[in-house]
Structures are given as structure tokens and as C-alpha cells.
Amino acid sequence: MKFRYKVLFVNLIILSVVLGFTGYLLVYRNYRQAMELELRNGTSENNMVKASVEYELLELINSEDSKSKFNKEIGRMIKRVNSSMLLSGSTLYVKYGDNYVFSGDDLEDAIPAELLESSANADGGSGGIDTSTNKRYIFHDGPDGHFLYISAPGYVQGSTLTIITKKNLSGVYDQLNANLNFLKIISIIVLFGSAIIIYIISRLMTRPLENLNRITTQISGGDYSVRADINSNDEVGELAGSFNAMAGSVEENVEELKTMIHRREQFVADFTHEMKTPMTTIIGYADSVRHLDMTDEERDMSLEYIYTEGKRLETMSQKLFDLLYLKNSTVFMEEQDAQELGAETILHMKPILDRKNITITSEFEDGEIYGDAELMKTVFINLLDNARKASEEGSEVFFGGKMVDDAYEFVVKDNGIGISEEDQKKIFDEFFMVDKSRTRKEGGAGLGMSLVAIILEKHGAKIRIESELGKGTAIYTTWPLAPEEEDE
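Residues numbered from 1 in each chain as written. Predicted model: local features only at pLDDT ≥ 70, side-chain atom pairs only at ≥ 80, totals over all residues. Heavy atoms only, no water.

## Description of the pattern of salt bridges
A full pass over the atoms with the stated rule returns twelve salt bridges. Across the pair Lys 166 and Asp 105 runs a salt bridge whose closest N-O atoms are separated by 2.9 Å. Of the two residues, Lys 166 is situated in strand S6 (residues 159-168) and Asp 105 in the loop between strand S2 (99-103) and strand S3 (125-130); the sequence distance between them amounts to 61 residues. Asp 385 is the salt-bridge partner of Arg 388, the closest N and O atoms lying 2.8 Å from each other. (Salt bridge = Lys/Arg side-chain N within 4 Å of Asp/Glu carboxyl O. Helix = DSSP H or I, 4+ residues; strand = E, 2+ residues; numbered from the N terminus.)

## Remarks on the environment of Lys 2
Among the structural elements, Lys 2 can be located in the segment before helix H1 (3-62). With a relative accessible area of 47%, Lys 2 lands in the partly exposed category. For the pair Lys 2 and Thr 206, spaced 204 residues apart in the sequence, the C-alpha separation amounts to 9.6 Å. (Buried < 20%, exposed > 50% of the residue type's maximum accessible area, 1.4 Å probe, protein only.)

## Section: the confidence of the model for the chain
Predicted coordinates in regions of low pLDDT should not be interpreted in detail. When pLDDT is averaged across the chain, the result is 79; 83% of the residues are at 70 or more. Taken as a whole, residues 119-125 scores under 50 in pLDDT and shows 19 contacts with residues more than four places along the chain or in a different chain. Contacts from residues 436-440, a stretch scored under 50 in pLDDT, to residues over four places away or in other chains number 14 contacts. (pLDDT = per-residue confidence, 0-100. Contact = heavy atoms within 4.5 Å.)

## Quick notes on the packing of aromatic side chains
Under the defined criterion, the tally for this structure stands at twelve aromatic pairs. Aromatic pair Phe 364 and Phe 399: ring centres 5.1 Å apart, planes at 85°, arrangement edge-to-face. In this pair, Phe 364 sits in strand S8 (residues 359-364) while Phe 399 sits in strand S10 (residues 396-404), placing the two residues 35 residues apart along the sequence. Phe 364 sits in the buried class, given a relative accessible area of 14%. (Phe/Tyr/Trp six-rings, centres within 6.5 Å; stacked < 30°, edge-to-face > 60°.)

Below, the structure written as C-alpha cells:
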């Protein structure tokens, strides 16, 4: 069931209960007021009838021959009072002693017996006693209708004279039924009108949620660029804002995953390609040495090619291992002396640079940096090795370092082929080579700068490249300083 229908039904149920209870209270209140009014009117009417009967009986008792006339005249006298004093819808009964001397409708047997007893409660009705006048009344509901009985006892010539009036309450109950029917009609009209209004309001309130649901469906279908266009200063607006933020994060993550998958696929393809070239060379020259008659010079040349390509494969596998290991490992950093790191790196690279007759100059300021010494030397060795590959024989490479603000900056400069702006964006990709033929000739694998990028990231260091084609390249790496030791 849709949310707006739930809102509609819940509100209708609540409205029905409230409307029914309120209407019932109002109708019941009117009914009680009408019954109290009928009781007051019936009591007044009974008082008047009793007073008239007592007055007529007093005259009859005081007249001559009262004893001989009393039994004969009492019925006629009460009949005269009945016709002149009772209102329409009322009936008079008079009981003298144990016998009824007058009955307005000959239905004295229907008079509740409890009315003439000390208790004024009867089945099917309710009643009471007026202690000040000793009047008894009872509301009687029977198959013949709804009536109010009121009795007023008195004494005449030593016998009990009871004046009983019966008042028809059909008008009250007719009005009650009319009010109940009116309440039903009004309730139906109000509920119908309210249902339309509540439906419209709930539709307007749930429209933003439907919009969010539609957008969610689009996102689940692969369209991560859609956003919820909901501007409201309520919880739905906040939900839309959070949803848009979530959708943006999902889009970024999806793009990042796509990029990662693409880079992984590219990595596998490049790795396969880079493995294929030396393996083809090794297999080809090995097959020639095995099957062909070769001079010593040709055999030595073939073995040199096999050795060179084998070393290239070894270098590639070692750097690939370092690359994968560093991505999932923790670097243990400690205080390092910048001059000492620079000197050790130059000592390691000098024999390699001498083979190409490349001169290395250096200048290092004092400084204490924070990191892993072996990994930092790996960065500098890769940068110097790239400078070697990019430089011609007999050229010069500079390697130095100095304090810059709150960090220590190393720089490697060469006068080689340079790097274009487009290639500078790709230089940290696995297997990327600025000059493939030169790099392969020098034994490179295209993994050095990827390894550099990961080591820098692990150390919180930064790298900056300044290069111009044909004029050379300067690569700056900025490292955090060692934290100062606190006094105990």
C-alpha cells in the first residue's frame, strides 16, 4: 500500500472516531436535557392534577350527604379534572385504596408495579424518588412505547389516594432518532469531504518522496548523475539534501571504481606486453644459440642480449613486487639526516652514472626529516636513474636539498630530453615510459615513478615537476620534518 493511502486511512479512522464520539456526546447531552425537561413538565403537570383532584374531593367531602355521594361522584369528578387539566399525550390514573377509580386509557395493568413500591426502579427503565414531595417517577421502555410515569400519594378518609400521570415520550425518542440520523449524514459528508482534502494534502506531501523513489530507480539503473530537485525547509528537504550528497558520493565512488578497473585492466595488458618483449628476445636468441652454427662473437652477442633482457625481467619483477607490497603495508618512520641520505644515494648511483660518463653534483643543507630511510633512497635512486636515462653521455645531473618553510625539499635536475605537459599527467601510471625505446634500451620497466608515488603518499610527501622538451627536467620532492622531541 502506498504511503499516501496509509496517511489517508489513518486520518480517516482517527477523524471517524473523534467525530463519532463527539457527535454521540452532543446527541446524548440533548437527549438527557430533553428527558429532564419532560420530567420537570410531567412533575408540574402531576402537581396541578393532584391539586385539582384534592380540591374537588375537599368540596365533595364538605358537602351534605358526602358519604352517600363520595363513591358515586369521585369517578365523575376525576374525569372532569382529566379533561380540563391534562396536556395532550398525557394519561391520568387514580387509585383509591387498592382499586383504580379512574383510568384514562384502561391500561392500568401496564403501570410498572415498582412505581407503587418504595423503590422506583423497574426493568427496562430508570427512575427515582423526590424525597421532598414523596413523588415517585420512572422511565419505562416497553413494546408499547416509551413513557414517563409519575405518582403522587395522598390520603382521603383514611384510605390512600394515588395520582398517577403517564407522559408519552415518543417525541423525545423521535427527536433522538432524528439527531442520530442527522449525525450519520453529517459524518458521511464530513468524512467524504475530509477524505478528498486529506488525499490532496497527502499527495502533495508524498510527491517529494515519489520523486526520490523515481531518482533512486534511475540510480539503480546506472544513471548516477541525477539529483533530487526538492527545495523545502523540512525533514523531506533535509532527506533530499542527504540523498543528493549520497548520490554524489556514489557517483564519485563508481567513477573511481571504473577508473580502478580500467587501470587494473590496463596494468595487466601493459604487464603482459612488457613481459612479451624480453621473453620474445630471450627465446629467439636462445633458440639461435641452440640450433644455429654461430661464431664466438655472434654467440657472445646473443648471450649478452639474453642476459640483458633477463636482468630487465628481474628488475621489473622486483619493482612490481615492491609496488604491490607497499600498497598494503605500513611504513615505520623515524628521524633521518638529510645530508646522510643524499650522500648514501650518490654513493649507490655513482657507478651506474659513471658507465655513461655522467657527472653528478650535489649540495645539501642540514636538516632532519621523518621517514623510512630505505624507501626514501628508493625514491631518489629512481629519480636519478630516470635522469640518467633521459641524459646524453657526458652530461651533468644535479642532486641537492634545502629547507623550505616547514619541510625539506630535494631536487633532481638533468639536461635531458624533457617531459611534455601531457606526459607529466601520465608519468605515475604503471608501465608508462616517456621514451619507450630509450627506457627499454637502458633496462627500464616503467614502474619506477609508480613506486615513487606510493612511497611519497605513505610519507605524506609531495612532488612537483618542472620540465621543458629538449632542455631538461627538475623534479622536486618535499618531505615532512622530524617532530621535535619534548622535554620530559
